[in-house]
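Residues per chain are reported as follows:
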Amino acid sequence: MLSYLYPDSNCISPLMKKTIYLLLSLASLSGFSQVDTRLYDIINNVSEERIKTDITKLAGFGTRHTLSDTLSDTRGIGAARRWIKNEFDKISQECGNCLEVFYQKDFVKKGTGARIVKDVWVVNVVAIQRGKSNPNSFIIMSGDIDSRVSDPNDYTSDSPGANDNASGMAGAIEAARVLSQFEFENSIMYVGLSGEEQGLFGGKGLAAYAKEQGWEIIGILNNDMIGNIKGVDGVISNRDFRIFSEPVPPTESEETRRARRFYGGEVDGISRQLARYVHKTTKTYMPEMNPILVYRLDRFARGGHHRPFNDAGFAGIRIMEAHENYTQQHQDIRIENGIEYGDVLKHVNFKYATKLTAVNAINLGSIAWAPVSPDNVQIGGAVQPSAKLKWAPVPGAKGYKIYWRDTTSPTWDHSIYVGNVSEYTLNGIVIDNFLFGVASVGEDGHESIVAFPTSVFRD
Ligand SMILES: [Zn+2]
């Protein structure tokens, strides 16, 4: 029975072996189903020990409130950001100065919103790993430096913010450690953002700085709370995590909005494509994890640091635990009616934070190894038996993949590798019944984020 279930290789006939070999070579030639074993190395290199050490260190600064002390070397947000910068600097030294590390800061005046009760410098810590082919194109991973307790303006009480958001910050540092051992085509940016709890000020500042610098932002993976596995709903899961993405950009024109009534695309904005990419990469390389696409910008009436990037017209998603515990976030540390309140270390599951860091790292790696997405994707084929697509060629692409799906499906379920062409007809696929997109494919099989058509052609 056992040998029937698990035949050893001697049981396979030479002809069968030949067939399997042929199929495998065809698969690799066609560009389908390739996996890059470097991504498994990346998953394995994310260290639970270092994640634990860094979350512990960050929680140990007492408070990291945006308005807290900046002079002490042991307590407050000043000490925390200097420590983060120093960690990025150390990582850079170990990879032959492969990171550009700097502070990006904005002065925010007292009264800029109800939560800025005194003048403050909102200071982000940025580390850039330059890509070889597209140094000005960036995929970003962010965590937050700052923390808070029950009163958002209380900047002196103990506020360890172990999960919110030392977990995301530690993840960004660890991703930099692991990925700095590789070279990429696009640039990767690892950032610690401040001012999140006071009104998303750090993200606003960095998004504006990105525009000033003329950076091409491929997207941002914003990590906010990636360490809790026991939900207030009673569910405990170290597999589930959520990917939040808004349906379409808030910056789109009225013309685009009107066109969508006729051509579709209600759930196909740039952030949603980034979310689908992360979902697919996770399913492929970390099948033990359960990514949940959530079709909304963020949790109900709540915010996160991907939003200011979305506001600036950039793709951005929030990656976070699936089961939140509200007694362990934004709370004064206390015991009330037998419930222990507070965002303290003992509630963080380091193994889970390690897994979600690996989710980020493989997506950063895969996107940074791939060509950028095709530009100017056009679609045609109305009242014809076949859908047609055209796109602008992408430097560094060895070919392209056309994706399509049922209009009700959340994921790109069908695809065909079409080689190095810039237009293609999907014979017998009627345009009315599916949604379509195009991805570019690099030499080693890595794919760009799928680009949804932005205009229509007729022939
Ligand atoms: Zn928070």
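Look up a bit, the structure's there.
Please read all numbers here as calculations on a predicted model, not as lab measurements.

Here we look at the pattern of salt bridges
Summed over all chains, the structure comprises 31 salt bridges. Across the pair Glu-447 and Lys-280 runs a salt bridge, and its minimum N-O distance is 3.7 Å. One end of the pair, Glu-447, is in the loop between strand E16 (434-441) and strand E17 (455-456); the other, Lys-280, is in helix H10 (residues 270-285), with 167 residues separating them in the sequence. Overall, Glu-447 belongs to the buried group, its relative accessible area being 12%. Linking Arg-299 and Asp-298 is a salt bridge whose minimum nitrogen-to-oxygen distance equals 2.8 Å. Summarising the burial analysis for this pair, Arg-299 and Asp-298 share the class buried.

Description of the sheet that holds strand E13 (residues 399-406)
Reading across from one edge, E14-E13-E16 is the order of the three strands in this open sheet, with antiparallel pairing throughout. Taken across any chain shown, the strands that pair with only one partner, and hence form the sheet edges, are strand E14 (414-419) and E16. Averaged over all pairs of adjacent strands, the angle between their axes in this sheet comes to 20°, without regard to strand direction. Direction of pairing for E13 relative to E16: antiparallel, over a ladder of eight bridges. Bridge pairing in E16 places Ile-402 opposite Val-438.

A few points about the packing of aromatic side chains
Between two aromatic rings, the relevant description is the distance of the centres plus the angle of the planes. One pass over the structure, following the stated rule, counts eleven aromatic pairs. Taking 4.9 Å as the distance between ring centres and 45° as the angle between the ring planes, the aromatic pair formed by Phe-138 and Trp-215 counts as tilted. Highlighted residues: Phe-138 in strand E3 (residues 134-144) and Trp-215 in the loop between helix H8 (201-213) and strand E5 (216-223), separated in sequence by 77 residues. On the accessibility criterion, Phe-138 (0% relative accessible area) is buried. A network of ring pairs unites the aromatic residues Phe-102, Phe-138, Tyr-209 and Trp-215 as a single cluster. A cation sits over an aromatic face here: Arg-38 above Trp-369, 3.7 Å from the ring centre. Sitting over the face of the ring of Tyr-295, Arg-272 holds its NZ or CZ atom 3.7 Å from the ring centroid.

Remarks on the sheet that holds strand E1 (residues 99-108)
Spatially, E1-E2-E4-E3-E5-E8-E6-E7 is the arrangement adopted by the eight strands of the open sheet, whose pairing is mixed. With partners counted over all chains shown, the strands left at the sheet margins are E1 and strand E7 (290-294), one partner each. Pairwise comparison of adjacent strand axes, ignoring direction, gives a mean angle of 25° for this sheet. Pairing of strand E6 (residues 240-244) with E7, which is carried by five bridges, proceeds in the parallel orientation. Bridge pairing in E7 links Asp-240 to Asn-290. Most of the contacts of helix H6 (residues 162-179) go to E3, to which it runs at about 145°, and overall it touches strand E2 (120-129), E3, strand E4 (186-193), E5 and strand E8 (316-321).

Description of the coordination of the zinc ion
Every protein donor of the zinc ion is listed here as Asp-164 (OD), Glu-197 (OE) and His-330 (NE2), and their distances to the metal cover 2.0 to 2.2 Å. Each donor residue of the zinc ion lies on the same chain, and together they follow the pattern D-x32-E-x132-H. Residue Glu-197 is found in helix H7 (residues 196-199), and its partner His-330 is found in the loop between E8 and strand E9 (334-336); the two are separated by 133 residues along the sequence. By relative accessible area, which is 19% here, His-330 ends up buried.

Rules behind the numbers
- Residues numbered from 1 in each chain as written.
- Predicted model: local features only at pLDDT ≥ 70, side-chain atom pairs only at ≥ 80, totals over all residues.
- Heavy atoms only, no water.
- Salt bridge = Lys/Arg side-chain N within 4 Å of Asp/Glu carboxyl O.
- Helix = DSSP H or I, 4+ residues; strand = E, 2+ residues; numbered from the N terminus.
- Buried < 20%, exposed > 50% of the residue type's maximum accessible area, 1.4 Å probe, protein only.
- Pairing = 2+ DSSP bridges.
- Axes fitted to C-alpha atoms, helices over the stretch in contact; angles between N-to-C directions.
- Phe/Tyr/Trp six-rings, centres within 6.5 Å; stacked < 30°, edge-to-face > 60°.
- Lys NZ or Arg CZ within 6 Å of the ring centre and 35° of its normal.
- Contact = heavy atoms within 4.5 Å.
- Donors = N, O, S within 2.8 Å, 3.2 Å for Na, K, Ca; no water.

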